Amino acid sequence: MTVDLYSLNMEKGLHYEAIVTTLNEDGTPNAAPMGVICKGPDQVVLRLHEGSHTIANVKREKKFHINLSRDPLLFTHSLIGNPPATEFAEEKYGFSLKNAYASFFCEVHHEKKVEKEDAMGDNITIMFHSQVQDIKRNRKEYEPLSRAICGVLEALVNLSRVQRAPAEKKREYTDRLKEISRVVNHVGGPKHKEAMELIQKEFEIRIKG
Ligand SMILES: Cc1cc2nc3c(=O)[nH]c(=O)nc-3n(C[C@H](O)[C@H](O)[C@H](O)COP(=O)(O)O)c2cc1C
């Protein structure tokens, strides 16, 4: 079967938010929200910061699955720990996520270290250029877009960065989370609201750390 990311409505050059599943050294699965850049019908790039389980696993194994989802709780559980074991599906190599609308298996063919300075200081990332080997579609259709899932994603990015933020920026992170919570609670359903509660609790822990 030909691999064609465009058949999943992905476009060349665009950046998507997905959940990357990798294999830990002890054989257990790891899931984390990550940006994925579509570089062609069968090419993707992950841009990973040092320090995560995902980067350690991708460096060692050179393989991973990308899972496309709009489930706010799946994203939230993937950032704060891991989704429950029942959410993972065992694959020929590693694991995908059962409830993703599509998952694809990728192999790294080229790595490049990128160093630059941004608002958070020195920023070192590794770009993992990868070949998509296989696409598994669990569902035919995308769900309609909602501001609620975008809000949950922004709140999760805010959460994943708050510990690295300089002291004078922490107030900005708190204000941003407050505004996102307002929007999500206005437009979201029960899962979005539960995700925001989890994010809020974890944010209060991380901002002190
Ligand atoms: C929507 C979203 C996108 C993210 N994209 C990236 C990314 O592209 N690269 C990265 O290194 N971290 C990214 N992160 C942060 C990681 O998910 C976060 O560091 C996570 O804790 C890593 O988990 P792990 O240690 O299980 O790999 C993103 C977070 C969110 C919420």
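The model shown is predicted, which means the values in this text are computed figures rather than measured ones. (Residues numbered from 1 in each chain as written. Predicted model: local features only at pLDDT ≥ 70, side-chain atom pairs only at ≥ 80, totals over all residues. Heavy atoms only, no water.)

Caption draft 1: Inspection of the site of the ligand at higher detail. Residues in close proximity to the ligand total 18 residues, the closest being Pro 33, Arg 47, His 49, His 53 and Thr 54. Measuring from an oxygen atom of the ligand, one finds a backbone N or O atom of His 49 at 2.8 Å. In the environment of the ligand, an oxygen atom lies 2.5 Å from a nitrogen or oxygen atom belonging to the side chain of Thr 54. Computed on the free molecule, the ligand has an accessible area of 640 Å², of which 83% lies beneath the protein chains in the complex. Among the secondary structure elements, those contributing two or more residues to the shell around the ligand are β2 (29–40), β3 (43–49), α1 (53–61) and α3 (147–161). Tallying contributions element by element places β2 first for the shell around the ligand, with 6 residues. Residue composition of the shell around the ligand, grouped by class: 9 nonpolar, 7 polar and 2 charged. Two domains each donate at least three residues to the shell around the ligand, and these are domain 1 (5–137) and domain 2 (147–208). (Near = heavy atom within 4 Å. Polar contact = N/O pair within 3.5 Å; in protein donor to acceptor, adjacent residues only side chain to side chain. Areas by Shrake-Rupley, 256 points an atom, 1.4 Å probe, with all protein chains shown as cover. Helix = DSSP H or I, 4+ residues; strand = E, 2+ residues; numbered from the N terminus. Nonpolar A, V, L, I, M, F, W, Y, C, P; charged D, E, K, R; others polar. Domains from an automatic or database assignment.)

Caption draft 2: Layout of the pairing of β3. Note that β2 and β3 share 4 bridges and pair antiparallel. For Val 36, the partnering residue across the bridge sits in β3 and is Leu 46. Adjacent in sequence and paired antiparallel, β2 and β3 are bridged by 2 residues. Pairing between β3 and strand β8 (residues 121–137): 7 bridges, direction antiparallel. Pairing of Val 45 across the sheet is with His 129, part of β8. (Pairing = 2+ DSSP bridges.)

Caption draft 3: How the structure looks around the pattern of salt bridges. Here the structure, examined in full by the defined rule, presents 10 salt bridges. Its salt-bridge partner being Arg 176, residue Glu 172 comes within 3.5 Å of it at the nearest N-O pair. Taken together, the positions of Glu 172 and Arg 176, both in helix α4 (residues 170–187) and 4 residues apart, correspond to about one turn of that helix. Judged by its relative accessible area of 39%, Glu 172 is partly exposed. Between Arg 206 and Glu 202 there is a salt bridge whose closest N-O contact spans 3.0 Å. Separated by 4 residues within a single helix, Arg 206 and Glu 202 lie in helix α5 (residues 190–208), roughly one turn from each other. Of the two residues examined, Arg 206 and Glu 202, each falls in the buried class. (Salt bridge = Lys/Arg side-chain N within 4 Å of Asp/Glu carboxyl O. Buried < 20%, exposed > 50% of the residue type's maximum accessible area, 1.4 Å probe, protein only.)

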